[in-house]
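The primary structure of each chain is shown beneath.
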Amino acid sequence: MRQLSLMITLLSLAFVCSAADKIQWFQSHSNQPITLNAYLFMTSKCSYCKQADAFLENFAKTHAWLKVHRYVIDKQDVAMYRFHDFLQTQVDKEDFAIPSIFFCQARWKGFNGMESVYQLSNILRYCHQQLEKDNMLTAQTKQTIAQHIAASWWERNLHDQSSLGRALIKLSFLDTFSLPSMLAVLFLLVCFSLSMQRTMAWSYYLIFCGAIFIPYYLQQTFPGIFYTFFTNLRVFSFIWGVIVSLSIVSLMLKSRLYHPIISTVVLFITLLILQSYAQTATPNFGMIFSQWLLTHQYTMRQVALFNVFYQGLHLLFLTIIWLFMVKISRILSRRYQLMLKQFARLYLLIIGLTFMMYPHYLTHVSFFYFILFLSIIGQRFTGKCLSMGDNAFDTT
């Protein structure tokens, strides 16, 4: 009988076209709350699996909208094949680590006592709230859940968890080399390339600090406000992308249209949008720090205060890079001023086009390197065209 069931399972797997479409992540009922399905993969001898199973059982008792499906790999023949199906919905399709909990097309891997209880409870509630609101699993919901799960994984594996100071310094330093920081530093180089004046350099530094602090702090301390703003950002980013793209094209045609104040505002809003999208990339060290604070039972007032300290330290590390960039830009401008301006304009043009087409590309590190490569290569082939507007964005 077991051999027959195994054969039927293997035959059914041969006809699977899409694992994600086959899996029922939730069930909607008329005049009733949406039922959220959670799928637990475990073994009968794994102590962490038993903890995860106990948590889900207790959570389901107090939250009737959660339905738990259990697959015990060493007891059920079909369990491993179902595990394979679920892994096809994830980035890492070969990671069979247990316990694994799948819900809302996301995966929670491992279990670490009360820390996992607190974090996983919040994510499950968030997923259900979004399903009730949208009656579907939106791309934004899936991305937000994936980011929170990634932050939780980093936080659970963070060493020196008992020391607030060490966590603060370590994470803010690592954040200096994250995707949002790399995009901001490259943007700062673009600003310097447009104008090498000392007064404008300080203006760009204020842009740099403000455009980094606002989305970072909102996401860390007021995630509800941040994601409400982020959800409604797509239309504005398209409009702003058109404005930036047309502005850069006008610069190429030697149209001297911009007052220094106008150019500063344009660059600030551009970097603000850029940072808002980059904040949804993983890993997000600011979110990891916030979860670290919440896991260690700090109050919301304390979390808000320590997040200010975190951002201050993060900006301090970035300021060191900023001072280094000022030196490098001035040295390079003596020989490569035109080339740097061409690079800056192409970079802004690509950013504007990305805002228009699909700004979510900005959450990928590979796209950052693609922009960098395209701007460097592109300036070598557009020198003649761009040199026509050599002084068009000169804010002197």
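Overview of the structure. Quantities reported herein were computed from a predicted structural model and do not represent experimental measurements.

### Thoughts on helix α7 (residues 164-175)
For step 1, the next point in the chain: With 12 residues, α7 extends 16 Å from end C-alpha to end C-alpha; this agrees with the ideal 16 Å at 1.5 Å per step.
For step 2, the next point in the chain: For α7, the complete set of buried residues consists of Leu 164, Ala 167, Leu 168, Leu 171, Ser 172 and Asp 175. Looking straight down α7, one finds that the buried residues subtend no more than 110° of arc, so they occupy a single side.

### Examining the state of the cysteines
A covalent bond bridging the sulfur atoms of two cysteines is what the word disulfide describes.
For step 1, the next point in the chain: Enumeration according to the criterion identifies 1 disulfide in this entry.
For step 2, the next point in the chain: In this model, Cys 104 is linked to Cys 127 through a disulfide, with the two sulfur atoms separated by 1.5 Å. Between Cys 104 and Cys 127 the sulfur-sulfur dihedral comes to about -70°; the bridge is accordingly left-handed. Placement of the pair is Cys 104 in the loop between β4 (100-103) and β5 (106-109) and Cys 127 in helix α5 (residues 114-134), with a sequence separation of 23 residues. In this pair, the class of Cys 104 matches that of Cys 127, namely buried.

### Quick look at the pairing of strand β2 (residues 32-42)
For step 1, the next point in the chain: Most of β2 is tucked away, with 9 of its 11 residues classed as buried.
For step 2, the next point in the chain: For strand β1 (residues 26-29) and β2, the ladder comprises 3 bridges, and the chain directions are antiparallel. Counterpart to Gln 27 in the pairing with β2 is Thr 35.
For step 3, the next point in the chain: Turn length for the β1-β2 hairpin, with the two strands adjacent in sequence and antiparallel, is 2 residues, and the turn residue Asn 31 shows positive phi of about 60°.
For step 4, the next point in the chain: Of the strand pairs in this sheet, β2 and strand β3 (residues 66-72) are connected by 7 bridges, and their pairing is parallel. Bridge pairing in β3 links Tyr 39 to His 69.
For step 5, the next point in the chain: Crossover β2 to β3 through helix α3 (residues 47-62) is right-handed.
For step 6, the next point in the chain: Pairing geometry for β2 and β4, over 3 bridges, is antiparallel. Residue pairing in the sheet places Phe 41 in a bridge with Ser 100 of β4.

Thresholds, definitions, all that
Residues numbered from 1 in each chain as written. Predicted model: local features only at pLDDT ≥ 70, side-chain atom pairs only at ≥ 80, totals over all residues. Heavy atoms only, no water. Helix = DSSP H or I, 4+ residues; strand = E, 2+ residues; numbered from the N terminus. Expected span 1.5 Å × (residues − 1). Buried < 20%, exposed > 50% of the residue type's maximum accessible area, 1.4 Å probe, protein only. Arc of directions from axis to C-beta. Disulfide = S-S within 2.5 Å. Pairing = 2+ DSSP bridges. Right-handed = clockwise from strand over helix to strand, strands pointing away.

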